[in-house]
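Breakdown of the fold
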Amino acid sequence: MTNGTFASCGYTIYVTQVQRIPAASKTIMMVNGAMSTTASFTWAISALDDFNLVLFDSPCIGRSREYNVGADSPTREIESDILLDLCKHYQPDYLCSMSWGGAATLLALANRPVGVKKAIIGAFSFGVSNDMRSLIHEMTCRLNDGEMQEFSDLVNETLGEFLPDRFKIANKKYLSELTDSEVSYLHEHFQRTLSIDKDEAILAISNIESETLFINGRKDRYTSSDSVDLACDHIKNSDKIEIDCGHFMAMEDKIVARQLKEIIENYFNLGSTESASMPFSQAAIG
């Protein structure tokens, strides 16, 4: 594993590369959500051992933050351009995003990055549901009032409701200690999420040529499988599956992590959305 920095769009991006020994022939670039750092992909480093991995923190979050003190929060278009620059430099074969990282990933895919054959978009909603809109409003109120403990509890009780206690404790510590710049980034991110123009988004994703698979958790109240139907209608080589988990997927349960590993390996290596034993649309856990 090697760490370094990469310059893009006026920002410095902290990048972690995981090179397998013996060498893997394919590389996945992982794209984390707005409130997450590369630490959220610890499971992938251990589980996806058939692939090299590239992970990175957005400019205002995690280990990239110290390099971009005083910089403006990137827009979604800039986040997409950063991802395109990273793709050009590190040349991944596949992209795999989680949560709100799906927005920048879809925008990047619409620009048809050279060499990216397939993408998996996990825990993402194409559009904002009433539950998500209400949650964003509540999170914004907590941030506006400086109630960081209450904000972290809210995230754990909603998006993180199925996380094990040890992850909820770590999540609470991380979220309650967000810096002013990270809070500002979240404010802007929330507002951009609420103001997305669906017609413009449809026009953009209609340009995607890479094969794309959406994965949603059956118990996720905020990014449901039904919410990506419209996206699948406009991405010609797309499909969707649902697994029995909440929003944080692999972080919630070891069995879910193994299932997600199998989905990713089968889809990227074989082009299949089926497990070794049955179609995932039939494979409920628990």
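The structure presented is a predicted model; accordingly, all values stated were derived computationally and were not measured.

A few words now on a negative patch on the surface. On the surface, Glu77, Asp81, Asp197, Asp199 and Glu200 cluster together to form a negatively charged patch. Listing elements by their share of the negative patch, those giving two or more residues are helix H2 (76-90) and helix H8 (198-205). Tracing the backbone through its elements, the reader meets glutamate 200 in helix H8. Taking the relative accessible area as the measure of exposure, glutamate 200 reaches 57% and is therefore exposed.

Looking now at the packing of aromatic side chains. One pass over the structure, following the stated rule, counts six aromatic pairs. Arranged with centres 5.9 Å apart and planes meeting at 45 degrees, the rings of tyrosine 267 and phenylalanine 268 form a pair that is tilted. Grouped by ring-pair contacts, the aromatic residues Phe51, Tyr94, Tyr267 and Phe268 constitute a single cluster. Geometry around phenylalanine 167 places arginine 166 over its ring, the cationic atom sitting 4.7 Å from the centre. When the ring centre of phenylalanine 162 is taken as reference, the NZ or CZ atom of lysine 219 above it lies at 4.5 Å.

On to the side chain of serine 97. Residue position: serine 97 is located in strand E5 (residues 94-98). In contact with serine 97, other than residues within four places in its own chain, are Val31, Gly102, Thr105, Ile120, Ile121 and Gly122.

Criteria and thresholds
Residues numbered from 1 in each chain as written. Predicted model: local features only at pLDDT ≥ 70, side-chain atom pairs only at ≥ 80, totals over all residues. Heavy atoms only, no water. Patch = residues over 30% accessible without salt bridge, like charges linked within 9 Å, V, L, I, M, F, W, Y side chains within 5 Å. Areas by Shrake-Rupley, 256 points an atom, 1.4 Å probe, with all protein chains shown as cover. Salt bridge = Lys/Arg side-chain N within 4 Å of Asp/Glu carboxyl O. Lys, Arg positive; Asp, Glu negative; His and termini not counted. Charge placed at Lys NZ, Arg CZ, Asp CG, Glu CD. Helix = DSSP H or I, 4+ residues; strand = E, 2+ residues; numbered from the N terminus. Buried < 20%, exposed > 50% of the residue type's maximum accessible area, 1.4 Å probe, protein only. Phe/Tyr/Trp six-rings, centres within 6.5 Å; stacked < 30°, edge-to-face > 60°. Lys NZ or Arg CZ within 6 Å of the ring centre and 35° of its normal. Contact = heavy atoms within 4.5 Å.

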